[in-house]
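Listed below are the residues making up each chain.
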Amino acid sequence: MTPKVLIIGACGQIGSELAYKLRAQHGIDNVIASDINEGNLELVNSGPFEIIDAKDLEALKICVAKHNIDTIYLMAAMLSATGEKFPEIAWDLNMNSLFNVLNLAKDKFINKIFWPSSIAVFGPSTPTVNTPQHTIMEPTTVYGITKQVGERWCEYYHEKYGVDVRSIRYPGVITWKTLPGGGTTDYAIDIFHKAIANENFECFLDEDTELPMMFMEDAVAATINLMEANADTLTIRSSYNLAAVSFTPKQVADAIRNHFPDFTITYKPDFRQEIANTWPKSIDDSQARIDWNWNHSYDLKQMTSEMLTQLGKQTVS
Ligand code: SER
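Residues numbered from 1 in each chain as written. Predicted model: local features only at pLDDT ≥ 70, side-chain atom pairs only at ≥ 80, totals over all residues. Heavy atoms only, no water.

## Concerning the sheet that holds strand β7 (residues 172-174)
Across a sheet, strands are paired by hydrogen bonds formed along the backbone, either parallel or antiparallel in direction. The following threshold applies: In this analysis, strands are considered paired if DSSP registers two or more bridges between them. The helix count covers DSSP runs of H or I at least four residues long, the strand count covers runs of E at least two residues long, and both are numbered beginning at the N terminus. Note on method: axes are straight lines fitted to C-alpha atoms, helices fitted across the in-contact stretch only, with angles between N-to-C directions ranging 0 to 180 degrees. Residue contacts follow a heavy-atom distance rule, with two residues in contact if any of their heavy atoms lie within 4.5 Å.
One open sheet holds the three strands; their spatial order is β7-β9-β11, and the pairing between them is mixed. Every other strand in the sheet has two partners, leaving β7 and β11 (245-247) as the edge strands with one partner each. In this sheet, neighbouring strand axes are inclined to one another by 45° on average, regardless of whether the strands run parallel or antiparallel. As paired elements, strand β9 (residues 211-215) and β11 share three bridges and run antiparallel to each other. Bridging from a neighbouring strand, Leu-211 pairs with Phe-247 of β11. Most of the contacts of helix α7 (residues 187-196) go to β7, to which it runs at about 25°, and overall it touches β7, β9 and β11.

Structure (structure tokens):
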């Protein structure tokens, strides 16, 4: 049966890509995009769109009833770097939007939820190499705290109320289609924009800061695959570790130099270095690979080539 989908936070980096992909798959009218404002006009003008504050339960209920929604992707969130500037707003948005959607499912208004978690759930006491699915988690950012608590609530609602909520701990997600918004991993997008503009890139992380990353196509495919997986095969209802590649700023700069030999990078670490220092270098995602056959496609070389090609086309057109 074709699902009737609502994407909350659809104008954001991952939300917009999910909207396009799900619309191609299920039909434009079966995927309602929503956000707090019309932040992405291309998306707003390409199918059904509702302005909704994810913190407003009544507004969500009205939208769910109006469009007969059965599945919600809750992509609205304040990310790590911005969350440090606005701790209470980050807590309010990240937690209350999740409660709203979990309660809609508990009360049977909808029957399936996707909610993204993040590598930010890990902290300085977590093993950093090949970080296991189950390990010490003492996050030190507001964003990480909201994601870790959110994971606990997802598992709780699944266990106590039978809510079908599914989640992935996204690594840094790399895309050429939208500009990033307030994350610590976002340097790995900005760097390509600077390379295309023939400018030096001043990196806010040190050259050897290794973080887990993933190309957008892989992140969207993972999300949809998890949502389509048979519920019986899922053993994790907090959030799945997910990995593709890990790299440092220096390694991305080297990969870019294979295309633009004159590209230069300088390093000026700021408060985001402290955040990155508490996150894993690489992730063990074997449970996702076992439970729902997760497999990534893009490595750093392919990602670099695709980013430069696509951003190059945008500059020309
Ligand atoms: N990309 C996110 C951030 O940097 C991590 O989930 O905040």
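The discussion continues.
## Description of the site of the ligand
Defined as follows: Nearness is judged by heavy atoms alone; a residue qualifies as near a molecule or strand once a single heavy atom is within 4 Å of it. Between N or O atoms, a polar contact is any pair within 3.5 Å; within protein, one atom must be a potential hydrogen donor and the other a potential acceptor, and residues adjacent in sequence are included only when both atoms are from side chains. Per-residue accessibility takes into account occlusion by the displayed protein chains alone, with areas from the Shrake-Rupley method and a 1.4 Å probe. Charged means Asp, Glu, Lys or Arg here, nonpolar means Ala, Val, Leu, Ile, Met, Phe, Trp, Tyr, Cys or Pro, and polar covers whatever is left, Gly included.
The ligand sits among Leu-79, Ser-80, Ser-118, Tyr-143, Tyr-170, Gly-183, Thr-184, Thr-185 and Trp-279. In the environment of the ligand, an oxygen atom lies 2.6 Å from a nitrogen or oxygen atom belonging to the side chain of Ser-118. For the ligand, whose unbound accessible area comes to 240 Å², protein coverage reaches 94%. Looking at side-chain class alone, the shell around the ligand contains four nonpolar, five polar and no charged residues.

## Looking at the sheet that holds strand β1 (residues 5-8)
Strand order in this open sheet of seven strands is β3-β2-β1-β4-β5-β6-β10, and the pairing throughout is parallel. Strands with a single pairing partner mark the edges of an open sheet, and in this sheet they are β3 (49-51) and β10 (240-241). Two elements, strand β2 (residues 31-35) and β3, share three bridges in a ladder whose sense is parallel. Each bridged residue has a counterpart across the sheet, and for Asp-35 the counterpart in β3 is Ile-51. Relative to the sheet, helix α8 (residues 216-228) contacts β4 (71-74), β5 (112-118), β6 (165-170) and β10, its axis offset from that of β6 by approximately 155°.

## Focus on the pattern of salt bridges
Spelled out, the test is: We define a salt bridge as a side-chain nitrogen of Lys or Arg found within 4 Å of a carboxyl oxygen belonging to Asp or Glu. Relative accessibility decides the category of a residue: with a 1.4 Å probe and only protein chains considered, values under 20% of the type maximum give buried, values over 50% give exposed, and everything between is partly exposed.
Taken as a whole and assessed by the stated rule, the structure comprises 13 salt bridges. For the salt bridge of Asp-53 with Lys-55, the shortest nitrogen-to-oxygen distance reads 3.2 Å. The class for Lys-55 is partly exposed, based on a relative accessible area of 33%. Between Arg-166 and Asp-164 there is a salt bridge, and its shortest N-O distance comes to 2.9 Å. Looking at Asp-164, the relative accessible area reads 16%, which means it is buried. Members of the salt-bridge network, linked through shared partners, are Glu-17, Lys-177 and Glu-217.

## A closer look at the packing of aromatic side chains
Just so we agree on the cut-off: Each pair of aromatic rings taken from Phe, Tyr and Trp, with Trp reduced to its six-membered ring, is defined by centres within 6.5 Å and is described as stacked if the planes are under 30 degrees apart, edge-to-face if over 60, and tilted in the remaining cases. In this scheme, the term charge over a ring applies when either NZ of a lysine or CZ of an arginine sits within 6 Å of the ring centre and within 35 degrees of the ring normal.
The full count for this structure, using the stated rule, is twelve aromatic pairs. Both rings, one in Phe-114 and one in Tyr-170, keep their centres 6.1 Å apart while their planes meet at 55°; by these two values the pair is tilted. On the criterion of sequence distance, the pair formed by Phe-114 in strand β5 and Tyr-170 in strand β6 is long-range, its members being 56 residues apart. Of the two residues, Phe-114 and Tyr-170, both sit in the buried class. Here the aromatic rings of Trp-153 and Tyr-156 are separated by 5.6 Å at their centres, their planes lie at 75°, and the arrangement is edge-to-face. You can see Trp-153 and its partner Tyr-156 sitting in helix α6 (residues 142-161), three residues apart, about one turn around the helix. Residue Tyr-156 is classed as partly exposed on the basis of its relative accessible area, which comes to 36%. Feature note: the residues Phe-99, Trp-153, Tyr-156, Tyr-157 and Tyr-161 constitute an aromatic cluster, connected by ring pairs. One residue, Arg-272, lies across the ring of Phe-204, its end atom 3.6 Å from the ring centre.

Keep in mind that these numbers describe shape and distance, not what the molecule does.
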